[in-house]
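Structure assessment
Residue strings, one per chain:
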Amino acid sequence: MILVVLENQRGKIHSFSREAVVAGQIFAKKYDEELCILCLGENVEVLKEEASEFESDKLLVAEHELISQYTSDGFSKALSEIIAQESPRFTIMGHTYIARDFLPRVSVKQDLPFIGDLTSVSFEDEKTIFCKQVFNAKFLTNIEMDPSIEKAILSFQSAAFDKDKIIKGSPKNIIDVKLNLKDSDVRITSEEAFKESDSDVDLSSANFIVSVGRGIESEDNIPMMEKFVENVGADLGSSRPVVDMGIMPKSRLVGSSGFTVSPDLYLAVGLSGAIQHVVAMKGSKKIMGINTDRDAPIFEIADYAVVGDLFEIIPELTKKLSDS
Amino acid sequence: MKIAVLTKAIPKVDSLKINSSETWIDDSNVKFVMNEHDTYALEEALLIKEELDNNSEVVAITMGAQKSSNQIISEALAKGADRGIIIENDTKITDPLVFAKIFSEQIREEKFDLIFCGLASYDLGSGQTSVLIGEILGMTTATFAIGTKIESSHIKVKKELESGYSQWIRMSLPASISIQSGLNNPRYPSLKGIMSAKSKEVKVKTIDSNFSEMQGFTKFFVPKNEKQTEYIEGDVEDVSNKIIDILKNELKLIA
Ligand SMILES: Cc1cc2nc3c(=O)[nH]c(=O)nc-3n(C[C@H](O)[C@H](O)[C@H](O)COP(=O)(O)OP(=O)(O)OC[C@H]3O[C@@H](n4cnc5c(N)ncnc54)[C@H](O)[C@@H]3O)c2cc1C
């Protein structure tokens, strides 16, 4: 069996979950296994409704008051129980914050490898080869399971699978799962999620964004960037380290922990293009990078790769633009 | 409060190359630094200790090769950690669960109230270690901490969620927590700190390197470019003219 775990994201199915279903459908076919989709805990009704439109052999619905709100305690215990019962060959989820938060615990409880953060998979003869970014997206590595190991937990990064390739249909069976959770299993309580609003700008609707990365080095170089964006009529965005250093406010953060944007042009300046950044801007119509490193990952997704020093190029652009 | 900060020496990345066996980077001549996320974890632990101001203790722990381990543990001690533990290991472990099992057994007897890790390491980037160790040692776990508050036998953790949301959770101690970057301002070691570090205890442990991995890295490679990318290089003058031409004529973003 291939088990796909769906995730709720603020009342809707998580977009990574749809991609995980595509992964599940592909794995089920390759391994000639049954496909089982699991709706777990939070907001099961919504997940169930979604899942009823995907082709699968079995739809499992696992509800319990102790997992009606996500906690890593409750979810890891519940999923572990289900894996123990169903013994799936692969358990698959999107590589979301929640997956990162509780799947390692399931890996310990069931003594299964958790092969996470995967960007692709290939099936070669007898072997299944997984692929993941390392060294902050500078390199990729293949990962293989020891031949003696048959089962694993997997999580895939966004875009590892195309969510439009989902095979529509319906589950052959819908089964309610009985869970044996005790109050003492859950040692964590959660408050409501909230948004810290310090927003002076709405990047999600901007049509030209110039984002600065760590290459900007210090706050002292921001005026140079501000002058440039003013000249070209763009909004300033930023990568995570620049926000962490306190150089730019969080409202300017593009990435999985910030905003998702899709302008006509995304110009990444001194920014490497790690996956957590790229997931949130790769939908831009055109992408340009300015980077001293010819092998910077940002160039992989760029339409225009400007190889050069931002401290030379940006002032020169500003000068030319204000002269004309 | 007895707090462990788990930290890792990371090759300082500038122009990294893949090694000849294509299984890792060529780290024969690189410098090592403390994993950046860990500097925030250490700072958070030191802040908690300072705030509690009782018999709290911060212990910096690493597993890795002797030289780089010594270097980052000395750095942690200079910044204010009370003592250090080095679990010496020269074998590359790329299975997070194996790594966590070995680590957990080496620190189990310490009975920490809190374990802090950086959110992820810069090299492997699995982001699993703190959660795995927490589970193995029967602790509560949380990831993406962007704030902490001790409440006697509990800790409140402000977690970063996706798309700009945050959430407070409250969990019982002992707890193992991974720390997101940016939640504090990691300090620099003071001269006094550097001097006093020399007299602090560093325990060195060795492990049995006979373990089998369930998963492992098999081949490193450079990502392929799948898009039609136009490379623009040359002197600044030409490059700038070309960029302006694109903005103006191709994309019509400026007049
Ligand atoms: C769970 C998680 C969530 C994350 N969320 C986000 C997120 O939402 N957003 C985000 O951005 N990151 C996020 N990150 C961090 C992400 O992994 C990267 O670390 C980060 O995006 C790197 O930022 P950077 O490109 O600015 O810095 P670096 O990777 O340090 O890149 C700097 C780049 O600047 C170039 N450069 C240096 N000097 C110059 C110069 N003079 N001229 C031109 N180029 C120069 C360098 O060649 C390099 O490519 C997250 C990480 C994790 C683990």
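Residues numbered from 1 in each chain as written. Chains lettered and ligands numbered in written order. Predicted model: local features only at pLDDT ≥ 70, side-chain atom pairs only at ≥ 80, totals over all residues. Heavy atoms only, no water.

**Re the packing of aromatic side chains**
In total, this model carries 21 aromatic pairs over all chains according to the counting rule given. Between A:Phe135 and B:Phe220, the aromatic rings sit 6.3 Å apart at their centres with planes inclined by 70°, giving edge-to-face as the arrangement. In this pair, A:Phe135 is assigned in the loop between strand E8 (127–134) and strand E9 (139–145) and B:Phe220 in strand E12 (residues 215–221), connecting two distinct chains. The rings of A:Phe27, A:Tyr31, A:Phe90, A:Phe123, A:Phe130, A:Phe156 and A:Phe161 are connected pair by pair, giving a single aromatic cluster. The residue whose ring lies beneath A:Arg294 is B:Tyr231, and the NZ or CZ to ring-centre distance is 4.3 Å. (Phe/Tyr/Trp six-rings, centres within 6.5 Å; stacked < 30°, edge-to-face > 60°. Helix = DSSP H or I, 4+ residues; strand = E, 2+ residues; numbered from the N terminus. Lys NZ or Arg CZ within 6 Å of the ring centre and 35° of its normal.)

**Digging into the site of the ligand**
Taken together, 31 residues lie around the ligand, and A:Ser239, A:Ser257, A:Ser272, A:Gln276 and A:Asn291 are the ones closest in. The residues that come close to the ligand belong to more than one chain, namely chains A and B. At a separation of 2.9 Å, a nitrogen atom of the ligand approaches a polar backbone atom of A:Val254. A:Gln276 places a polar side-chain atom, nitrogen or oxygen, 2.7 Å from an oxygen atom of the ligand. For the ligand, whose unbound accessible area comes to 990 Å², protein coverage reaches 86%. Per-class residue counts for the shell around the ligand are eleven nonpolar, 15 polar and five charged. (Near = heavy atom within 4 Å. Polar contact = N/O pair within 3.5 Å; in protein donor to acceptor, adjacent residues only side chain to side chain. Areas by Shrake-Rupley, 256 points an atom, 1.4 Å probe, with all protein chains shown as cover. Nonpolar A, V, L, I, M, F, W, Y, C, P; charged D, E, K, R; others polar.)

**Details of the pattern of salt bridges**
Residues and elements named next belong to chain A. This structure, assessed with the given rule, holds 41 salt bridges over all chains. Measuring nitrogen to oxygen at the nearest pair gives 4.0 Å for the salt bridge that ties Lys 165 to Asp 162. For Lys 165, a relative accessible area of 60% puts it in the exposed group. On the accessibility criterion, Asp 162 (38% relative accessible area) is partly exposed. (Salt bridge = Lys/Arg side-chain N within 4 Å of Asp/Glu carboxyl O. Buried < 20%, exposed > 50% of the residue type's maximum accessible area, 1.4 Å probe, protein only.)

**Here we look at the sheet that holds strand E14 (residues 208–212) of chain A**
Pairing in this open sheet of six strands is parallel, and the strands run E15(A)-E14(A)-E16(A)-E17(A)-E18(A)-E13(B) from one edge to the other. A strand with exactly one partner marks an edge of an open sheet, and here the two such strands are strand E15 (235–238) of chain A together with strand E13 (230–232) of chain B. On average, each strand axis in the sheet is tilted by 20° relative to the strand beside it, whichever way the strands run. Alignment of strand E18 (residues 304–307) of chain A against E13(B), held across three bridges, turns out to be parallel. Paired with A:Tyr304 across the strands is B:Glu230, a residue of E13(B). (Pairing = 2+ DSSP bridges. Axes fitted to C-alpha atoms, helices over the stretch in contact; angles between N-to-C directions.)

**Examining unusual backbone geometry**
Cis geometry marks the peptide bond from B:Leu173 to B:Pro174, where omega comes out at 0°. Along the polypeptide, B:Pro174 turns up in the loop between strand E9 (165–172) and strand E10 (175–179). For A:Arg10, which is not glycine, the phi dihedral falls at a positive 45°. What makes A:Arg10 partly exposed here is its relative accessible area of 42%. Unusually for a residue other than glycine, A:Asp125 sits at a positive phi of about 45°.

**Thoughts on the environment of A:Gln133**
Tracing the backbone shows A:Gln133 in strand E8. Separated by 37 residues in the primary sequence, A:Gln133 and A:Thr96 place their C-alpha atoms 16 Å from one another. What A:Gln133 contacts, discounting residues up to four positions off in sequence, is A:Thr119, A:Phe139, A:Leu140, A:Ile275 and B:Leu124. (Contact = heavy atoms within 4.5 Å.)

**Remarks on the domain arrangement of chain A**
For an interface, size is often stated in terms of accessible area lost upon the parts coming together. All names here are of chain A. In terms of domain boundaries, chain A breaks down into domain 1 (2–185) and domain 2 (203–323). Put simply, the middle of domain 1 and the middle of domain 2, counted by C-alpha atoms, are 34 Å apart. Contacts between the two partners involve nine residues from domain 1 and, on the opposite side, eleven residues from domain 2. For the pair domain 1 and domain 2, the summed buried surface comes to about 770 Å²; carbon and sulfur atoms form 46% of the total. Of all residues in domain 1, the largest losses of buried area upon contact with domain 2 belong to Tyr 97, Asn 136 and Lys 138, amounting jointly to 43% of the total for that side. Inspection of the region where domain 1 meets domain 2 yields one salt bridge. A salt bridge links Asp 293 to Lys 138; the nearest nitrogen and oxygen atoms lie 3.0 Å apart. At the boundary of domain 1 with domain 2, the tally comes to two residue pairs in polar contact (both at pLDDT 80 or more). (Domains from an automatic or database assignment. Buried area = accessible area lost by both parts, 1.4 Å probe.)

**Considerations on the interface of chain A and chain B**
Across the contact, 82 residues belong to chain A and 83 residues belong to chain B. Of the roughly 7,400 Å² buried at the junction of chain A and chain B (both faces included), carbon and sulfur atoms supply 55%. The largest contributions to the chain A side of the interface with chain B come from A:Tyr97, A:Phe135 and A:Phe139, which together make up 10% of the buried area. Notably, a salt bridge pairs B:Lys159 with A:Asp101, separated by 3.3 Å at the nearest N-O pair. Taken together, the links from chain A to chain B amount to 48 residue pairs in polar contact (both at pLDDT 80 or more).

**Details of the layout of surface pockets**
Residues and elements named next belong to chain A. One number sums up the size of the second largest pocket: a volume of about 780 Å³. Within the residue set of the lining of the second largest pocket, elements represented by two or more residues are strand E7 (114–124), E8 and helix H7 (275–278). Per-class residue counts for the lining of the second largest pocket are twelve nonpolar, six polar and five charged. In this structure, the lining of the second largest pocket is formed jointly by two domains, domain 1 (2–185) and domain 2 (203–323), each of which donates at least three residues. (1 Å grid on protein atoms, 1.4 Å probe; cavity = no way out; pocket = protein on both sides within 12 Å on 5 of 7 lines; lining within 4 Å. Points joined across faces, edges and corners; volume = space filled by probe spheres on them.)

**What about a negative patch on the surface?**
The grouping of A:Glu45, A:Glu49, A:Glu53, A:Glu63 and A:Asp176 at the surface amounts to a negative patch. Among the secondary structure elements, A:Glu49 is positioned in helix H2 (residues 44–51). (Patch = residues over 30% accessible without salt bridge, like charges linked within 9 Å, V, L, I, M, F, W, Y side chains within 5 Å. Lys, Arg positive; Asp, Glu negative; His and termini not counted. Charge placed at Lys NZ, Arg CZ, Asp CG, Glu CD.)

**Here's the deal with the packing of helix H8 (residues 310–323) of chain A against helix H6 (residues 236–250) of chain B**
Packing of H8(A) against H6(B) leaves a shortest axis separation of 9 Å and a crossing angle of 60°. In terms of their interaxial angle, H8(A) and H6(B) are classed as oblique. Crossing angle aside, the handedness with which H8(A) passes H6(B) is right-handed. Listed contacts from H6(B) to A:Glu312, A:Ile313, A:Glu316, A:Leu317, A:Lys320 and A:Leu321 of H8(A) are B:Val236, B:Glu237, B:Val239, B:Ser240, B:Asn241, B:Ile243 and B:Ile244. Its residues placed into classes, the contact of H8(A) with H6(B) shows seven nonpolar, two polar and four charged. (Parallel < 35°, antiparallel > 145°, perpendicular 65-115°, else oblique. Left-handed = near helix turned anticlockwise from the far one by under 90°.)

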